[in-house]
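For reference, the chains in residue letters:
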Amino acid sequence: MALNIDQIRQQFPILRREVNGHPLVYLDNAASAQKPEAVLKAMTGQASHAYANVHRGLHTLANETTEAFENARAVVQRFINAPAPENIIFTKGGTEAMNLVASGIGQQIQSGDEIVLSVMEHHSNIVPWHFLRERYGAVLKWVPVLEDGSLDMQAYQDVLSERTKFVSVTHMSNVLGTVTDAARIVRLAHDAGAQVLLDGCQAGVHLDIDVEALGCDFYVLTGHKIYGPTGIGALYGTAEALDRLAPYQGGGEMIEIVEQDRVTYNEAPHKFEAGTPPILEAIGLGAAIDWLCAFDFEEITEHEDRLYRRAFDALSGINGLRMHGQASGKGPVLSFSADGIHPHDIAQLLDRYGIAVRAGHHCAQPLMTHLGVSATARASFGIYNTVEEVDAFIDALHKARSMLL
């Protein structure tokens, strides 16, 4: 299906609203994308027509809901080219997926074992590893970024050693938009004997993901950035990696046998899905991916990059404005700071004109420290954004700066 942005926008009811008397210009997609009608209908349709708990019932509604739930798992599997649906674990988001892995490998960590992260990681891919530092004596090793925002691959190679047990890095930075050389990261880590998790929460909506080609042990997605619901994410793991991973939570569905003096565990994916899962959210995620996959990823990338380049070129001519992250092949994320103006003030004034951007440290405080700033403003572009919206953003930014300087 060729991209027709007007038709695409018609599928997002929220884009028809006004904010402060202006048409909504939603440029906060890196935080959370809006939802098309296909997703909303899939969830409400399931809830109103065939809802029950999954896997445990024998009645018609339970069977129909289980089928829809497992169909969504298969959609995620195909989306990232995983070998089988059993490689896909449903979680309540990317954060839980990374906590699941960190918790599970804790039993494999000994004091002095090293875990490699980059300074541009989201807190969700930092704090769980600090838990292992605090509780098991793991040592965190940090890979810096270069001046253009790309990952310092030489520093990465240098930090790998026989003590490296795990590498966990982003596939695309939520602040800089940097796309890392994920396949090379994985290859070098495996050569050092380490497992690898790739945080694909930003990459999933912008890149064509192939976990088989990447070769990673784990890959993380979150639903709400892929035009899907909140409260749902997915963890991919190889069969070997999932088999080695200890269960994250205990309860229904993840067990095989429970007795007074012993318990045995189910196989993946159920081993990691204790209790009632986010059923409607998983179905909504499947609908979102189906909707997104109706379009050509190359066309989406070209459209989003065109918007980013238009904004970048316009901001390049503004004195006292610094843009963070200009790595080759980066995603459509534009973070910037202005001399003498706090990003929060910029965001609040832009909101007066109906422009929604993000301001703050973006859950990436180590990166802010590395950049020498406390916060940035961030405009991030999605499939439904237009050239006219970029121009409205630039015009409103000029007005905001004139008020604040």
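For the structure, see preceding data.
Residues numbered from 1 in each chain as written. Predicted model: local features only at pLDDT ≥ 70, side-chain atom pairs only at ≥ 80, totals over all residues. Heavy atoms only, no water.

### Considering the sheet that holds strand S14 (residues 333-338)
Pairing within the open sheet is antiparallel, and its four strands lie in the order S13-S14-S17-S16. Looking at strand neighbours, the two that pair on one side only are strand S13 (321-324) and strand S16 (358-360), the edges of this open sheet. Recorded for the sheet is a direction-independent mean angle of 30 degrees between the axes of neighbouring strands. Where helix H12 (residues 343-352) meets the sheet, it contacts S14, S16 and strand S17 (376-380), and its direction lies at approximately 160 degrees from that of S16. (Pairing = 2+ DSSP bridges. Helix = DSSP H or I, 4+ residues; strand = E, 2+ residues; numbered from the N terminus. Axes fitted to C-alpha atoms, helices over the stretch in contact; angles between N-to-C directions. Contact = heavy atoms within 4.5 Å.)

### A few points about the environment of Glu388
Inspection of the secondary structure assignment puts Glu388 in helix H14 (residues 387-404). Using a relative accessible area of 59% as the deciding quantity, one classes Glu388 as exposed. Each C-alpha atom, one on Glu388 and one on Val25, is 9.4 Å from the other, the two residues being 363 residues apart in sequence. (Buried < 20%, exposed > 50% of the residue type's maximum accessible area, 1.4 Å probe, protein only.)

### Brief notes about H12
One full turn of an α-helix is made of 3.6 residues, so residues set three or four places apart face in the same direction. Among all positions in H12, only Pro343, Ile346, Ala347, Leu349 and Leu350 are buried. Looking at the packing, one finds that the buried side of H12 touches S14, strand S15 (355-356), S16, S17 and H14.

### Details of the state of the cysteines
Per the stated rule, a full pass over the model turns up zero disulfides. Cys216 forms no disulfide, and the closest cysteine sulfur to it belongs to Cys201, at a distance of 13 Å. Classification of Cys216 as buried rests on a relative accessible area of 1%. (Disulfide = S-S within 2.5 Å.)

### Focus: the side chain of Thr91
Residue position: Thr91 is located in strand S4 (residues 88-91). Within polar-contact distance, the side chain of Thr91 engages the backbone oxygen of Gly93 at 2.8 Å. Excluding anything up to four places from it in sequence, Thr91 contacts Glu96, Ala97, Leu100, Gly231, Ile232, Gly233, Ala234, Leu235 and Pro278. (Polar contact = N/O pair within 3.5 Å; in protein donor to acceptor, adjacent residues only side chain to side chain.)

### A short note on the side chain of Thr222
With respect to the secondary-structure elements, Thr222 resides in strand S9 (residues 218-222). Beyond its immediate stretch of four places on either side in the chain, Thr222 contacts Gly93, Gly94, Cys201, Ile232 and Gly233.

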